[in-house]
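# Analysis of the macromolecular model
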Amino acid sequence: MHRVNDGHAPFLPGASSPIARLVEAFHRLPGIGPKSAQRLAYHILRAPEAEAQELADALVEVKRSIVFCAQCQNLTSRTPCDICSDGSRDHHSICVVEEPLDVLAIERTGGFGGVYHVLHGVISPADGVGPEDLKIGELLARLRDVETEVSEIIVATNPNLEGEATAMYLARLLRPLGIRVTRLARGLPAGADLEYADDVTLSRALEFRQEVQ
Amino acid sequence: MPGRVPRVVRTPAIVLRHRRLGEADRIVTLLTPGRGKIDVIAKGVLRARSRMAGHLEPLTLVEVVLAHGRSMDVVTQAQTIDAFPAAHDDLDRLSAAMYLLELADRITVEHADAEGLHDLLHVALVRLARGDGQQVVTRTFELALLDATGFRPELTACLRCSMPVAAEAAWWAPAEGGVMCASCARAHQDAQPIDATALRVLRAFQTQTYEEAGRIRLTDELAARMEQAMHALMRAVVERDLKSAQFVSAARRARVAGEGIEAAIDAARDTAGDDEE
Ligand SMILES: [Zn+2]
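Residues numbered from 1 in each chain as written. Chains lettered and ligands numbered in written order. Predicted model: local features only at pLDDT ≥ 70, side-chain atom pairs only at ≥ 80, totals over all residues. Heavy atoms only, no water.

Here the focus is the pairing of strand β6 (residues 180-183) of chain A. A regular strand places its side chains so that they alternate between the two faces of the sheet. Pairing analysis gives four bridges linking strand β5 (residues 152-155) of chain A to β6(A), with the strands arranged parallel. If you follow A:Val155 over to β6(A), its bridge partner there is A:Arg183. (Pairing = 2+ DSSP bridges. Helix = DSSP H or I, 4+ residues; strand = E, 2+ residues; numbered from the N terminus.)

See the structure below:
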């Protein structure tokens, strides 16, 4: 068996060996550096075969059974998804987010009773992503075709350059439809320190200040 | 000690872009006055309590303190000098700013002698943020950038036969870097006729001062033609598609009520069709 070195050099015993393939596959995952990839691969090598099989099955199963919800484009095992088919939710209000994980984050707050639309990304020219690469056309088609009148679109993209550009582009596209488009307020995160806040965040926090209750 | 890299450097810089590095760090691409374009490591900026994160966003003029690192320098302090807040308030200005950043990034090689590029970009961003016309700011930046990098386009004489070309009879050859006369252009697949007024205004932008250029009135249609010609030229110079240029055009099209909606729905239908194949 190959010995895994835990030094600094990447562990690649022959570019086409099964281990190298596994390390490479882990390395392609977000947030996994070469060393973590080696560690994960080594863990799999030492684990019982059943555990490896379980992981392999789960990977294949998720790719086979998870689809895009035809309405909100979120990842789901059935379409329309649980949120879209929930009659008790407010279907007049759509919250637009970048990623499926953002839906979970907003659901956790329990403060939003409407439905969602997942863009699966954000306009980011530096990364080669334009509006045509996102689920924007699907949102517009949904607004045009759906029977329920939508009264508000809440754009909940991240408060950075790409998120702002995406929000403003959506607002401009939607203007002719006469739907109210809002954007999440931008302010200081909990635990922040005024002294170190950047200028844009601080000025937005001032602009959207609220009465002390 | 002479000849040795100082361990700590303080410099102004414009943040061009960043990319994730591992769990909490980022590689930030900076355009500096003294060292041109450099990649630096910003540690811990993806953590919620990072003190530097907000200061190292693209489209920020920042003062950074860099510690000399093994492969890349490491940011130890970052303080915003100008975040160009007014450039964030309007989609046309914001998309134009993203285009300027991408151009500055793509046209420069890391550590290459980029003297003057930082100042060119800074001046253009200041002009955008104070509300100058997006067209005049962008076009004069493109032309100045091409001058500074040795790609000055030829707008008056034919690139083939060197004879002066009248604006009415000019053809646009982006891959060659300027205009051609009608007879030379015939042998050239890449050349296309260019609107005479658009070319005249580009000539004026290339030779006049910024203040004079700013006094030229541009209709939306004329601006769109100039934009198309210059985007094609810049694409040829950097030898790749400029996604931000496409976004500038998409933002302008979306201003025409309804047009953007139909285009976006068509684009979605096209990708859905690809999936089925
Ligand atoms: Zn759904």
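Right, picking up where we left off after that structure.
In the structure shown here, the tally under the stated rule is two aromatic pairs over all chains. It is A:Arg46 that lies over the ring of A:Tyr42; its NZ or CZ is 4.0 Å from the centre. Positioned over the ring face of B:Tyr210 is B:Arg127, at 3.4 Å from the centre of the ring. (Phe/Tyr/Trp six-rings, centres within 6.5 Å; stacked < 30°, edge-to-face > 60°. Lys NZ or Arg CZ within 6 Å of the ring centre and 35° of its normal.)

This part takes up the coordination of the zinc ion. Residues and elements named next belong to chain A. Around the zinc ion, the protein contributes the donor atoms Cys69 (SG), Cys72 (SG), Cys81 (SG) and Cys84 (SG), at 2.3 Å from the metal centre. Every donor counted, the four donor atoms about the zinc ion form angles of 106 to 117° at the centre, which fits tetrahedral coordination. Counting along the primary sequence, the residues that act as donors to the zinc ion give the motif C-x2-C-x8-C-x2-C. (Donors = N, O, S within 2.8 Å, 3.2 Å for Na, K, Ca; no water. Tetrahedral: all angles 85-135°; square planar, octahedral: opposite > 155°, others 65-115°.)

In terms of domain boundaries, chain A breaks down into domain 1 (18-65) and domain 2 (78-184). One C-alpha centre belongs to domain 1 of chain A, the other to domain 2 of chain A, and the line joining them spans 33 Å. (Domains from an automatic or database assignment.)

Residues and elements named next belong to chain B. Where helix α3 (residues 134-148) contacts helix α7 (residues 220-238), the axes come no closer than 11 Å and their chain directions differ by 30°. Classed by the angle they form, the pair α3 and α7 counts as roughly parallel. As for the relative orientation of α3 and α7, their crossing is left-handed in sense. Contact with α3, carried on its side by Gln135, Arg139, Glu142, Leu143, Leu145 and Leu146, involves Ala223, Met226, Glu227, Met230, His231, Leu233, Met234 and Val237 of α7 and no other residues of that element. Looking at the contact of α3 with α7 residue by residue, the classes come out as nine nonpolar, two polar and three charged. (Axes fitted to C-alpha atoms, helices over the stretch in contact; angles between N-to-C directions. Parallel < 35°, antiparallel > 145°, perpendicular 65-115°, else oblique. Left-handed = near helix turned anticlockwise from the far one by under 90°. Contact = heavy atoms within 4.5 Å. Nonpolar A, V, L, I, M, F, W, Y, C, P; charged D, E, K, R; others polar.)

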